[in-house]
Amino acid sequence: MQLTPSIRSALAAGAAVTVLFAGAGAAAAAPAAPKAPATAPAAATAHSPYAQLWPLATFSAERLATADLVAAAKWGTGSPIDDPAREQEVLKSVAEQARRLGADPAATTRIFRDQIEANKVVQRGLYRQWDANPAQAPTERPDLQEVRKEINRVNDELVRAIAASPDARSARSCTPLLIVAGVQVRAERKLDKLHTRALARSLPSVCARA
């Protein structure tokens, strides 16, 4: 199969992000509840490519924090991690929001597919931990509908960040700048190996150029 330039760009971006995050090390466990987004580094000007890409890494990490709550809500209920109906609902919703904002719905959908898969990376990882050590399993079950309200809020912020960053996402500097942003977010949030790996999984489509 012959790779088009856009496919090569997407593969390169995904490989670079994954490799750099893998080398970033790990810290303490990620928090179970979402954290309020921090402010962009002072060194980045408001309209610089880095300032446009940094929110994408930040909201991706914030969205991943909800995966802990989703896993805890589903644990022991028999509910599957994969939820195709819910996933399609999310993709349809973010595509519609992108259109309203004048953003590219195809690019937005592509990015959110990675977001969804990253969320499942966390859920599967937590399930493996809890199966191996039941003492670590959650003892309280969050209300999944309330968790989804938080996910919808973060989705809204993430779509807006996508809509505000077309130039940065299509620039040649996108991948290295996104890596810097992601590594900084990883350090700020003290992400463990599982959540670091999931953050890397959430970002490859950000720099995929059409």
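Computed from a prediction, not measured in an experiment: that's the story for all the values here.

Novice: I keep staring at the side chain of glutamate 62 and nothing clicks. Help me out?
Specialist: Residue placement: glutamate 62 occurs in helix H2 (residues 49-74). The exposure class of glutamate 62 is buried, given its relative accessible area of 1%. A polar side-chain atom of glutamate 62 sits 2.4 Å from a polar atom in the side chain of arginine 153.

Novice: In this structure, what is going on with empty space enclosed by the protein? I would like to understand it.
Specialist: In this approach a probe as big as a water molecule rolls over the atoms, and the regions it shows empty are the leftover space. Taken as a whole, this structure holds two cavities of 30 Å³ or more when the rule is applied. Taken as a whole, the largest cavity encloses approximately 220 Å³ of empty space. For the lining of the largest cavity, the elements supplying multiple residues, two or more each, are H2, helix H3 (84-101), helix H4 (105-132) and helix H5 (144-163). Of all the elements, H4 adds the most residues to the lining of the largest cavity, at four residues. Residue composition of the lining of the largest cavity, grouped by class: six nonpolar, two polar and seven charged.

Novice: How should the packing of H3 against H4 be read in this particular structure?
Specialist: Axis angle and axis distance: for two packed helices, these are the angle between their axes and the distance between the axes, and together they describe the pair. Between H3 and H4, the shortest axis-to-axis distance is 9 Å and the interhelical angle comes to 145°. For the element pair H3 and H4, the recorded crossing hand is right-handed. Residues Glu87, Gln88, Val90, Leu91, Val94, Ala95, Ala98 and Arg99 of H3 touch H4, and the partners they reach there are Pro105, Thr108, Thr109, Phe112, Arg113, Ile116 and Lys120. Counted by class, the contact of H3 with H4 contains eight nonpolar, three polar and four charged residues.

Novice: So what exactly am I meant to see when it comes to the packing of aromatic side chains here?
Specialist: Summed over all chains, the structure comprises three aromatic pairs. Seen in terms of ring centroids, tryptophan 75 and tyrosine 127 are 5.0 Å apart; in terms of plane orientation they differ by 75°. Their pairing is edge-to-face. Of this pair, tryptophan 75 sits in the loop between H2 and H3 while tyrosine 127 sits in helix H4, placing them 52 residues apart in sequence. For the pair formed by tryptophan 75 and tyrosine 127, the shared burial category is buried. With a relative accessible area of 15%, tyrosine 127 lands in the buried category.

Novice: Looking at this structure, I do not really get the pattern of salt bridges. What am I missing?
Specialist: Should their charged atoms come close, side chains of opposite charge can pair. All chains considered together, the criterion is met by eleven salt bridges. Between aspartate 83 and arginine 148 there is a salt bridge, and its shortest N-O distance comes to 3.2 Å. Pair noted here: aspartate 83 is in the loop between H2 and H3 and arginine 148 is in helix H5, with a separation of 65 residues, a long-range link. Of the charged contacts in the structure, one is a salt bridge between lysine 149 and glutamate 146, with a shortest N-O distance of 3.1 Å. One end of the pair is lysine 149 and the other is glutamate 146, both in helix H5 and three residues apart, which spans about a single turn. On the basis of relative accessibility, which here comes to 53%, the residue lysine 149 falls in the exposed class. Judged by its relative accessible area of 43%, glutamate 146 falls in the partly exposed class.

Rules and cut-offs
- Residues numbered from 1 in each chain as written.
- Predicted model: local features only at pLDDT ≥ 70, side-chain atom pairs only at ≥ 80, totals over all residues.
- Heavy atoms only, no water.
- Helix = DSSP H or I, 4+ residues; strand = E, 2+ residues; numbered from the N terminus.
- Buried < 20%, exposed > 50% of the residue type's maximum accessible area, 1.4 Å probe, protein only.
- Polar contact = N/O pair within 3.5 Å; in protein donor to acceptor, adjacent residues only side chain to side chain.
- 1 Å grid on protein atoms, 1.4 Å probe; cavity = no way out; pocket = protein on both sides within 12 Å on 5 of 7 lines; lining within 4 Å.
- Points joined across faces, edges and corners; volume = space filled by probe spheres on them.
- Nonpolar A, V, L, I, M, F, W, Y, C, P; charged D, E, K, R; others polar.
- Axes fitted to C-alpha atoms, helices over the stretch in contact; angles between N-to-C directions.
- Left-handed = near helix turned anticlockwise from the far one by under 90°.
- Contact = heavy atoms within 4.5 Å.
- Phe/Tyr/Trp six-rings, centres within 6.5 Å; stacked < 30°, edge-to-face > 60°.
- Salt bridge = Lys/Arg side-chain N within 4 Å of Asp/Glu carboxyl O.

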